[in-house]
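Structure at a glance
The primary structure of each chain is shown beneath.
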Amino acid sequence: MLLLCLCSPGVAGGNDFQWCFSQVKGAIDEDVAEADIISTVEFNYSGELLATGDKGGRVVIFQHEQESKNRPHLRGEYNVYSTFQSHEPEFDYLKSLEIEEKINKIRWLPQQNAAHFLLSTNDKTIKLWKISERDKRAEGYNLKDEDGRLLDPFRITSLRVPVLLPMDLMVEASPRRIFANAHTYHINSISVNSDHETYLSADDLRINLWHLEITDRSFNIVDIKPANMEELTEVITAAECHPHQCNVFVYSSSKGTIRLCDMRAAALCDRHSKFFEEPEDPSSRSFFSEIISSISDVKFSHSGRYMMTRDYLSVKVWDLNMENRPVETYQVHEYLRSKLCSLYENDCIFDKFECCWNGSDSAIMTGSYNNFFRMFDRNTRRDITLEASRESSKPRATLKPRKVSTGGKRKKDEISVDSLDFNKKILHTAWHPKDNVIAVAATNNLYIFQDKIN
Amino acid sequence: EEKRAGPASTLYCADGDDSLYPIAVLIDELRNEDVQLRLNSIKKLSTIALALGVERTRTELLPFLTDTIYDEDEVLLALAEQLGNFTMLVGGPEYVHCLLPPLESLATVEETVVRDKAVESLRKISQEHSPVDLEVHFEPLVKRLASGDWFTSRTSACGLFSVCYPRVSSTVKAEIRQHFRTLCSDDTPMVRRAAASKLGEFAKVLELDYVKSDIISLFTALASDEQDSVRLLAVEACVSIATLLPQEDLETLVMPTLRQAAEDKSWRVRYMVADKFSELQKAVGPEITKNDLVPAFQNLLKDCEAEVRAAAANKVKGKRLNIMLPFIRLIQYTNQHVKSALASVIMGLSTILGKDNTIEHLLPLFLAQLKDECPEVRLNIISNLDCVNEVIGIRQLSQSLLPAIVELAEDAKWRVRLAIIEYMPLLAGQLGVEFFDEKLNTLCMAWLIDHVYAIREAATCNLMKLVEKFGAEWAQNTIVPKVLGMANDPNYLHRMTTLFCINALSEACGQEITTKQMLPVVLKMSNDQVANVRFNVAKSLQKIGPVLDNNALQTEVKPVLEKLASDQDMDVKYFAQEAISVLPLA
């Protein structure tokens, strides 16, 4: 036990701390409704709000519980703030295509006034939502009495101006803009530009640039669709704007490469200005090489100096100034390399794992199978595997590190590769922008963990 | 349940006691669930205020409105606009400051149009503040907005400095300048953009010394901002700043920044320089234009980004043409987008160049562009023919013009065909009736049987314009016979086109032709076997009825319509009955 405690602390921040359970959201039932499966998780810029989207097209927003003196441990406690239906299932009659309501991505806008704004997207349509509070209601009518009975219009002898009275806080979500009809293929990414007035949206073959206030027009900045679709060899898998430089964005491809483009140089960014690719090791080449090198997520560090990419087996950190290889590579679940054949057969090999940075860029987190998720400390190079499970969901319970046995002999507390549950996958995680609070989506449950300082 | 509906609010009973009723409805509808009714009430806010009187407007209505910022944008926009005209309704200039709180909260909403309207109204009512009130009430509001937590309020503040600056004491002036400086280096790009876009108007109200000491440094900083969207706004500010400064200071204070902008790394900034070129040229005067701007402009014409070249090409008009001509020729070899932009302005150059120069320098370009592979370039040349016509006469071009027109007329894209049809009346006017009959008439008739409806429709409308131009006699000899001939066409769509043409032409052709030539054809078509033709006969009769003489109407039209009114087809019956009820039939 002592040994375990010694190896678990330290991932993230360098301080000696352990991760502990804070909350779990969502139903406990064994049989999970498809619509309840969480499809994206995102903290806002301050960490005050946390949004999730699900396959049923709903967005749920959680608000950080105010800390009070008598309950100081509530740092990682979030409660439902607003729930709304963002997208509905649709049918494209021209193409005979069903358009799922599943929320592919949520991105918050920097806060501009008392209300909060976010972009949510399904495969085709991006929507801008406003989430605002109302704590006053008007009272007093001229033509009705207190109980709503109509008054005789002939008896009106004086005019009454309504007055505003305090009421219970009401949170409203209203759709402010709908950005539709610009994507032929499925949207995989949206990203708000640092100029705070534009954002980009990427589908399999194209990237469009939008102005947040203009819905009827977008500019196509990248188009990799070949004239003949039979010559198609790669697709765009993710795209993101640089956090500070308004003219720079990157997009990753199914071939494991990343292109950095400069919107300053030209209106069309078909030609990249940087191309990041790690030379392939010929000795490890196999049938699956190309599939597992496909990048499922790309994220700039908060500093803007690095970016991180996730492929099937690893996470890589790239220095934007070095294109020929990543500066750091972390194995997420190397033990699966021998299982690729069965993972191909059950389609798991195509799972799109996302990855995220902590607030100070010193640690990174990404998901795995069996409800395991991994964290890597970039300074100490220590890594840890944790599990999001109901079993350890007692308040403030410390998370025990998990270990998958790779050798022949399984030690106590180790799990063998063959007993991993591949239906329990953690694809989406988010890290609070300032604190050590993380949100981990495990199928239909959202787990929130926080640090516990020793 | 409370949909007591808009009509109620427009009912106004003359009874003394009931006169409150419509106002009461208006007030209640300020909170109706139906946006349209709320909007209606807001638009009649002055009526409400008038009924309440100035005292209650100030103490009850305005406080209520101040907190009603949850509404739809269109309602808030109307509210912001109304409040700008509310001074008399709150008791005149003495009380105008009561309007500040609701406008202040509107100036912080996220919707740009609403914020802008609130700022516009604030600017308006600032003029109605006495100098004392301006310092006691208005200026503190500007400060509050300028130091607000959210960028929406800070962006709104940017538009208010220039209206209060000229009317406050020198201490307050110093504070305002300080606030503006702070906003120019705000953390968020939105605020810096708002500051950059108001830099020019703020500079105009500042004393010249402060323009030189304060504004120039802010301008320089914004023009080298890390955000492209901020830098490009600085280019705009450059125009107003340059007009304020004496000529001898321009070189040192403005030109370094402008030169830098013309060579900015971002094409969007260079685009802005190209786009604002005429204004910049005017602002810096002829000497600097010659030495600095013209070379910069030449570079923009050669820019590596097509958007920039196109913007520059658009501004070619009015430049020193002897310097520009080589570059204009160069453009021939660049991309479509740029060529088409140039084509839209190049014709305008002929009036500046005069006859001889146009023939020598521009004619070859026109001719080359008329043969361009891109239809848009050809169309842009043709659409501006009138400029050239004035200078050298269109005959010079007719040899090349005709093949270009014919080719566009038969273009595979129907939108191109549509565009050329729209220029036909213009061309016909300039080429004259002879040339038209000889070369273009056949084209115009061919469009009538185009397989795209939009083209047939436009062709019909074109015929009408031609008849207006060339007269009824010309119509009778050239087009009417052809149009009427189509009535026997085996394709019912073409037969219908005859009817559409008759609808369009009858008025221009006059009673004589309509009654004698067109009417018999229309009446004969009432026996058509296709119902669509028959009900269009009914529609046509209704349309041309007013042109016909009464005798024909009673003896010929009436029986036919009556017959159609008992047609088997429902639509035919409907339109026949409609015609019968509209026409003055005995």
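Sequence order as written defines residue numbering, which begins from 1 separately in each chain. All chains are assigned letters beginning with A, and all ligands numbers beginning with 1, in the order in which they are written. A pLDDT threshold of at least 70 governs which residues receive local features in this predicted model, and a stricter bar of 80 or more applies before side-chain atom pairs are shown or counted, although totals over entire chains, interfaces and linings include all residues. Hydrogens and waters are ignored; side-chain quantities use all the structure's heavy atoms.

The name an unreviewed UniProt entry gives chain B is Serine/threonine-protein phosphatase 2A 65 kDa regulatory subunit A beta isoform, with Gouania willdenowi as the organism. In the Sequence similarities (unreviewed entry) part of its UniProt record, chain B is described as follows: "Belongs to the phosphatase 2A regulatory subunit A family." UniProt positions are given in the numbering used here, feature names are shortened, and annotations may be inferred rather than shown by experiment.

Chain A carries the name Serine/threonine-protein phosphatase 2A 55 kDa regulatory subunit B in an unreviewed UniProt entry, which gives Gouania willdenowi as its organism. You can read under Subunit (unreviewed entry) in the UniProt record for chain A the words "PP2A consists of a common heterodimeric core enzyme, composed of a 36 kDa catalytic subunit (subunit C) and a 65 kDa constant regulatory subunit (PR65 or subunit A), that associates with a variety of regulatory subunits." Looking at the Sequence similarities (unreviewed entry) heading of the UniProt record, one finds this comment for chain A: "Belongs to the phosphatase 2A regulatory subunit B family."

Take the overall build of chain B next. Counting from the N terminus, the helices are DSSP H or I runs at least four residues long and the strands are E runs at least two residues long. Helix and strand content of chain B: 33 helices and zero strands. Relative to a compact globule of 586 residues, whose C-alpha radius of gyration would be 25 Å, chain B shows 33 Å and is clearly more extended. Residue burial is assigned from relative accessible area. The probe radius is 1.4 Å, only protein chains are included, and a residue is buried under 20% of its type maximum, exposed over 50%, and partly exposed in between. Among the 586 residues that make up chain B, the fraction classed as buried is 57%. Note on areas: Shrake-Rupley with a 1.4 Å probe; residue coverage comes only from the protein chains shown. Accessible area of chain B: about 25000 Å², with a carbon and sulfur share of 52%. Charged residues are defined here as Lys and Arg on the positive side and Asp and Glu on the negative side; His and the ends of the chain fall outside this count. Where a charge sits is defined by one atom per residue type, namely NZ (Lys), CZ (Arg), CG (Asp) or CD (Glu). For chain B, the distance from the average position of its 61 positive side-chain charges to the average position of its 80 negative side-chain charges is 5 Å. The size measure is the radius of gyration over C-alpha atoms, and the globule rule it meets is 2.2 Å times the number of residues to the 0.38 power.

Residues and elements named next belong to chain A. Where strand E9 (residues 116-121) lies against strand E10 (residues 126-139), six bridges are found, and the strand directions are antiparallel. Bridge assignment links Phe117 to a residue of E10, and that residue is Lys130. Pairing between strands is defined by DSSP: at least two bridges between them are needed. Counting the residues between successive antiparallel strands, the hairpin from E9 to E10 contains four residues. The sheet contact formed by E10 and strand E11 (residues 163-179) spans 13 bridges and is antiparallel. Within E11, the position partnered with Leu128 by the bridge is Arg177.

All names here are of chain A. Overall, antiparallel pairing links the four strands, which are arranged E24-E25-E26-E27 in an open sheet. Whereas interior strands pair on both sides, the edge strands pair on one side only; in this sheet they are strand E24 (355-357) and strand E27 (383-387). Direction aside, neighbouring strands of the sheet carry axes that sit 20 degrees apart on average. Judged from the five bridges that link them, strand E25 (residues 363-367) and strand E26 (residues 372-377) form a sheet pairing that is antiparallel. By the bridge assignment for E26, Ile364 is matched with Phe376. Helix axes are fitted to C-alpha atoms over the stretch in contact, other axes to C-alpha atoms as well, and angles between N-to-C directions run from 0 to 180 degrees.

This part takes up the interface of chain A and chain B. The contact definition used throughout considers only heavy atoms, calling two residues in contact when any of these lie within 4.5 Å. The interface is formed by 43 residues belonging to chain A together with 45 residues belonging to chain B. For any pair of parts, buried area is found by adding up, for both, the accessible area (1.4 Å probe) each one loses once the two are put together. Taken together, the two surfaces of chain A and chain B that pack against each other cover about 3900 Å², and 52% of this comes from carbon and sulfur. On the chain A side of the interface with chain B, the three residues burying the most area are A:Leu159, A:Val161 and A:Arg264, jointly 19% of the side's total. Salt bridge, as applied in this entry: a Lys or Arg side-chain nitrogen positioned within 4 Å of an Asp or Glu carboxyl oxygen. At the junction of chain A with chain B, the criterion picks out eight salt bridges. When the shortest N-O distance is used, the salt bridge between B:Glu110 and A:Arg176 registers 3.5 Å. What qualifies as a polar contact is a pair of N or O atoms within 3.5 Å, subject to a donor-acceptor requirement within protein and to the restriction that residues adjacent in sequence count only when both atoms come from side chains. In this structure, the connection of chain A to chain B is made through 23 residue pairs in polar contact (both at pLDDT 80 or more). At the level of secondary structure, the elements contributing two or more residues to the side of chain A that touches chain B comprise E10 and E11 of chain A. Ranked by residues supplied to the side of chain A that touches chain B, first place goes to E10(A) with seven residues. All amino acids are sorted into three groups, where Ala, Val, Leu, Ile, Met, Phe, Trp, Tyr, Cys and Pro are nonpolar, Asp, Glu, Lys and Arg are charged, and the leftover types, Gly among them, are polar. Here the residues of the side of chain A that touches chain B sort into 18 nonpolar, 11 polar and 14 charged.

Applying the stated criterion across every chain, the model contains 51 salt bridges over all chains. Residues A:Lys136 and B:Asp67 are paired through a salt bridge, measuring 3.8 Å at the closest nitrogen-oxygen approach. Of this pair, A:Lys136 sits in strand E10 while B:Asp67 sits in the loop between helix H4 (45-66) and helix H5 (73-83), which puts the two residues in different chains. Under the relative-accessibility criterion, B:Asp67 is labelled partly exposed at 28%. Through salt bridges that share partners, A:Lys130, A:Arg176, A:Arg177, B:Asp73, B:Glu110 and B:Glu111 make up one connected network.

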